Amino acid sequence: MKTTLTSFLALSAMCTSSLLALDYQWQTKYMTLSVNDKGYIVKMVDKTDSVNYSPEKYQSPIMNLSQGEKYIHPTKASYDATTGKLTLTYENGSVAVVKVNVKDSYIRLELESLAPRNGIDHIVWGPYNTTISQTIGEIISVVRNGKFAIGIMGLDDNTTSGPPCDGEMYQLCYIIHSPDPKKYPLPPNLKEGQRFRIGGDGINDVAFYSHPEEYFRYLSGNGAALEPEFGSSIVMHSRDRSVPKTILYPKFNDFPSVKAPRHLVLEQVDEDYIGSAIAFYGCPDDKGLNVIEQIVKNEGLPYITRDGKWIKDPSTFRTDIAWRGPHDKLLEYALQLNIKGVQDEGLGEYYVNPANRWAGKQVTLNGKKVPISEYTKQLNQHGIAYGLHTLTLFLQPHCSDVAPVPSQDLCTVLTTKLTKAAGPTDTNLQVEEVSFLNEKGAWDDNHTNVLRIGTELITYEGVTTEKPYTLTGVKRGAYRTEATSHWPGEEVAKLQINCYHGFVPNLKLQDQYADYYAKWLIDGGMNYIDFDGFESFTYQGHGQYSFKRFLRQLFDKYHKMGGSYLRVMGSCVFEGNWHYMSVCNVGGGNHMFNPVTNKWGIEGKDIRYAFTGSYFPCTFGIQNFSPSWDVQIIENLQSKAIAWDATYMLGLSQQAVEANPNKDALFKAFRTWEDARIANIFPRELKLEMRKEENRYHLEQQDANTWTLYDVTPDNSFTNPRVLKRPQ
């Protein structure tokens, strides 16, 4: 049959109309999302310029199912616009109903039902493939290209970042990804997406970071991933935590010293994937943080504010003090500098212990030891938040939940049973099965093996591989527990060991420690806490869920007891703690940032990429005030922190400050910049200029609302004065 041009166009139009009829479209203020009749996203369109960010050859299921790490894809979709329900049929026969609720700037998706389950243990939101690749926000599942941002956010504690994997955590590594291919081209021997081990032994912060090149990207999450074939992907998942599950632990660390993963039988929890929900958003890149704030407020997510502003708002970013030594001058210095947050690094690491909750820690003031609560009253009168450096949930052997009577809620790796009676002095202990008893230590292979039998802790070296299965290298009554008699059939629990040769609470005991910390903070008058060792939540194998459960419990209890703003700092930023953390001033010195040269250190560069890609302030770590510092170093430090929207802790001690002959001038310069930062006088364009390492500045305050910014030349002259005013 002869086809005319007119009939061909008419036929094409009919086909196009038919295809469009099979697409279900939902439109927000900024984006149109289209899903076809198989349940795949075919369009993610920026409504401003009609760009489709869904890669044509890599379309994404709106929701996958999984058994372990094997995905099961949808084969059919139907949408009822009246009820707002999307029905998805899967290749295994399962049928899911997803409630779709279009909000102003995001689309809310919630799983209402799945039947039959057919052994499904995870549901997976995504992975959603995009053509965006410039900025990968792997912590909170967002990707950005300077013009548009596409992201998803979990709306319940059991919906967490990344794909299903053992331990539900990412593996530390470097990947090759240039932030600017023209400025930082890859050498011929490297390619985008190539993976490298992080190096180091993990004993200190610097060991985690080993590549100074800008195109070496340190991964801090798996909620978003670079996909060199087409761009990137973003993904979250939810798990049925009530079913038995054994995993290989961990995938989190990748040090060369870690020989092999260990098995871990997970604690079962009454949490299900039915009710799992996400917010799916696409918006102009510069609106991303505003859209996330809307999601957080509308959906009842943790919305932490200070002085009425959300803590993720860059206008709230402030410098803190890391204090060491006697406290005589601390309040005086803080008032002079206008700093409102103090971490007391000088009191050392704090380990939780219900039997000795203050561990003898007191403030040294005017030559006397003063209770912390007495000192915090003075600071609180001036609005200064004060807190201690803690090791979070690393339970040491002296903890009352370990000895002399170990808690039944210490985290266990596995359980078995005795097959032979044993007296208090017997070392010939026989067990029902070998299981994983020959696997030693935790992820760092620290060769510490501990069993709990009744109220006794026992250490051992291994177990024979032939019946009768007999423990070797047994030492009875370990950790100050009492050796007692045991009987056949009695439970033997292998305990999870942390990297400090201590222990870990299970989720039930973790809830008690959240209450413990809340009461400890309130009783001490403290409103700031540094959770060093934040990774202690990973040992239970529940990933981001464990973080969310603890922090929600902590904040709820803290507020019920009368607390208001709680400033949280920690050793690392995860999707599980992102909502709750104000800052993460991890690391220190020139490994972070050098205020003399204005150059980023390796650790600072790596953390900057990870944090800023996920709308979290980057950091200069701890910058210790030196007796040799001059005013320009302070001005470099402050100007570059403002330029990068970075936070840091100014390391102070009375000894170091008083030894600097120019301390008054340095304090005045710091205060001038700090007050200007609070006044929010620096526009975006100026901040970008100030980021250049060769640029140095001097700032003078004219009145309460006006400052003059000068360029500093190589001969230290002040030029190019610019008047900056407080926004009205």
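Our subject in this report is the structure included herewith. (Residues numbered from 1 in each chain as written. Predicted model: local features only at pLDDT ≥ 70, side-chain atom pairs only at ≥ 80, totals over all residues. Heavy atoms only, no water.)

## Let's talk about the overall build of the protein
Stated precisely, the cut-off is as follows: Runs of H or I in DSSP of at least four residues are treated as helices and runs of E of at least two as strands, each being numbered from the N terminus. Partly exposed describes any residue whose relative accessible area lies between the buried limit of under 20% and the exposed limit of over 50%, with all areas from a 1.4 Å probe on protein chains only and scaled to the type maximum. Only heavy atoms matter for contacts: two residues are in contact if any of them lie within 4.5 Å across the pair. Note on areas: these come from Shrake-Rupley sampling with a 1.4 Å probe, and a residue is covered only by the protein chains present in the view.
A tally of helices and strands in the protein yields 11 helices and 46 strands. Counting only C-alpha atoms, the protein reaches 100 × 80 × 55 Å along its principal axes. Across the 728 residues that make up the protein, the buried fraction comes to 58%. Long-range pairs, those at least 24 residues apart, make up 69% of the contacts in the protein between residues at least 6 apart in sequence. For the protein, the accessible area works out to roughly 28,900 Å², and carbon and sulfur atoms hold 51% of it.

## Section: the pattern of salt bridges
Stated precisely, the cut-off is as follows: For salt bridges, the criterion is a side-chain nitrogen of Lys or Arg within 4 Å of an Asp or Glu carboxyl oxygen.
For the structure shown, the criterion picks out 29 salt bridges. Its salt-bridge partner being Asp121, residue Lys245 comes within 3.8 Å of it at the nearest N-O pair. In this pair, Lys245 sits in the loop between β21 (231–239) and β22 (246–249) while Asp121 sits in the loop between β11 (107–115) and β12 (122–130), placing the two residues 124 residues apart along the sequence. What makes Lys245 buried here is its relative accessible area of 18%. Under the relative-accessibility criterion, Asp121 is labelled buried at 15%. Here Lys599 makes a salt bridge to Glu693, at a shortest N to O gap of 2.5 Å. Within this pair, whereas Lys599 is found in strand β41 (residues 599–600), its partner Glu693 is found in the loop between α11 (684–690) and β44 (697–703), the two being separated by 94 residues in sequence. Residue Glu693 is classed as partly exposed on the basis of its relative accessible area, which comes to 36%. Sharing partners across several salt bridges, the network here consists of Arg108, Glu110 and Glu299.

## A word on the pairing of strand β20 (residues 224–227)
Just so we agree on the cut-off: Strands are treated as partners if at least two bridges between them are detected by DSSP.
Only one face of β20 is covered, namely the one carrying Ala224 and Leu226; the face carrying Ala225 and Glu227 has none of its residues buried. As paired elements, β20 and β21 share four bridges and run antiparallel to each other. The residue of β21 that forms the bridge with Ala225 is Ser233. Counted along the chain from β20 to the antiparallel partner β21, the turn is three residues long.

## With respect to the packing of aromatic side chains
We apply this condition: Pairing of aromatic rings covers Phe, Tyr and Trp, the last through its six-membered ring, and needs centres within 6.5 Å; plane angles under 30 degrees mean stacked, over 60 mean edge-to-face, and all others mean tilted. Distance and angle both matter: a charge sits over a ring if NZ of Lys or CZ of Arg is within 6 Å of the ring centre and within 35 degrees of the ring normal.
Counted according to the given criterion, the structure contains 45 aromatic pairs. Positioned over the ring face of Trp578 is Lys312, at 4.7 Å from the centre of the ring. Above the face of the Trp644 ring, Arg691 is positioned so that its terminal group lies 4.5 Å from the ring centre.

## A look at the layout of surface pockets
A water-sized probe rolled over the atoms picks out the places where empty space is left. To be explicit about the condition: Think of a 1 Å grid over just the protein atoms. A cavity is a set of points where a 1.4 Å probe fits yet cannot get out, a pocket is an open set with protein on both sides within 12 Å along at least five of seven lines, and lining residues have an atom within 4 Å of a point. Grid points are joined across faces, edges and corners, and a volume is the space filled by probe spheres set on the points. Classification convention: Asp, Glu, Lys, Arg as charged; Ala, Val, Leu, Ile, Met, Phe, Trp, Tyr, Cys, Pro as nonpolar; all other residues, Gly among them, as polar.
In this structure, the largest pocket encloses a volume near 2,000 Å³. For the largest pocket, the lining is made up of 50 residues, of which Thr612, Trp644, Arg684, Leu688 and Arg691 are closest to its centre. At the level of elements, α2 (288–298), β41, α7 (602–613) and α11 are the ones that each hand at least two residues to the lining of the largest pocket. Of the residues contributing to the lining of the largest pocket, the split by class is 17 nonpolar, 12 polar and 21 charged.

## Focus: the state of the cysteines
What counts here: By disulfide we mean two sulfur atoms from cysteines, separated by a distance within 2.5 Å.
In total, this model carries zero disulfides according to the counting rule given. Free of any disulfide, Cys572 has its nearest neighbouring cysteine sulfur in Cys584, separated by 6.7 Å. The class of Cys584 is buried, set by a relative accessible area of 0%.

## Some thoughts on the side chain of Asp285
On the secondary structure map, Asp285 appears in the loop between β24 (277–284) and α2. Classification of Asp285 as buried rests on a relative accessible area of 11%. Excluding residues within four positions of it along the chain, Asp285 makes contact with Arg144, Asn145, Gly146, Lys147, Phe148, Ala149 and Tyr615.

## Some thoughts on the sheet that holds strand β42 (residues 619–624)
The following threshold applies: Lines fitted to the C-alpha atoms define the axes, with helices restricted to the stretch that makes contact. Angles between their N-to-C directions range from 0 to 180 degrees.
With parallel pairing, the seven strands of this open sheet are ordered in space as β39-β38-β31-β28-β27-β43-β42. Both outer strands of the open sheet, β39 (567–570) and β42, are each paired with one neighbouring strand and no more. With direction set aside, neighbouring strand axes in the sheet form an average angle of 25°. In the packing of helix α5 (residues 507–524) onto the sheet, the strands contacted are β31 (385–390) and β38 (528–531), and the crossing angle to β38 comes to about 140°.

## A closer look at helix α8 (residues 631–643)
Quick note on the threshold: One less than the number of residues in a helix, times 1.5 Å, gives the span that helix is expected to have. In protein, a polar contact requires one atom able to donate a hydrogen and another able to accept it; more generally it is a pair of N or O atoms within 3.5 Å, and residues adjacent in sequence count only if both atoms are side-chain atoms.
Look at α8: 18 Å from first C-alpha to last across 13 residues, which is about the 18 Å you get at 1.5 Å a residue. Counting buried positions over the 13 residues of α8 gives 12, a clear majority of the element. Residues Gln632, Ile633, Ile634, Glu635, Asn636, Leu637, Gln638, Ser639, Lys640, Ala641, Ile642 and Ala643 constitute the buried set of α8. The backbone nitrogen of Gln632 lies 3.2 Å from a side-chain oxygen of the residue at the head of α8, namely Asp630. Positive phi appears at Asp645, one or two residues downstream of α8, with a value of about 50°.

## Quick notes on the nonpolar core
Across soluble globular proteins, you tend to see nonpolar side chains buried next to one another. Operational definition: Residue types Ala, Val, Leu, Ile, Met, Phe, Trp, Tyr and Cys, when buried and joined through side-chain atoms within 4.5 Å, form a set referred to as a nonpolar core.
With 135 residues, the main nonpolar core has Tyr386, Tyr517, Leu554, Trp578 and Phe682 as its most contacted residues. The element contributing the most residues to this core is α5, with eight residues. Apart from the residues lying within four places of it in its own chain, the contact partners of Trp578 are Ile139, Ile140, Met153, Ile292, Trp310, Lys312, Val573, Ser614, Tyr615 and Phe616.

## Digging into the sheet that holds β44
Spatially, three strands are ordered β44-β45-β46 in an open sheet, and the strand pairing comes out antiparallel. Whereas interior strands pair on both sides, the edge strands pair on one side only; in this sheet they are β44 and β46 (718–725). Strand after strand, the sheet turns through a mean of 25° between neighbouring axes, direction not considered. Where β44 and strand β45 (residues 706–712) come together, six bridges link them in antiparallel fashion. By the bridge assignment for β45, Asp703 is matched with Thr706. On top of the sheet, α8 reaches β44 and β45; it is set at about 85° to β44, its chief contact.

## Some remarks on the environment of Thr597
For Thr597, the location among the structural elements is in the loop between β40 (593–594) and β41. Distance in space between the C-alpha atoms of Thr597 and Gln378 is 38 Å, their sequence separation being 219 residues.

## Description of the pairing of strand β10 (residues 95–102)
Sheet topology places strand β9 (residues 85–90) next to β10; five bridges connect them, and they run antiparallel. Bridge pairing in β10 links Thr87 to Val97. Linking β9 back to β10 in an antiparallel pair, the connection comprises four residues, with Gly93 at a positive phi of about 95°. In terms of strand pairing, β10 meets β11 through eight bridges, oriented antiparallel. When the bridges of β11 are listed, Val100 appears paired with Leu109. Connecting β10 to the next strand, β11, in antiparallel fashion are four residues.

Geometric values such as these leave the question of function open.
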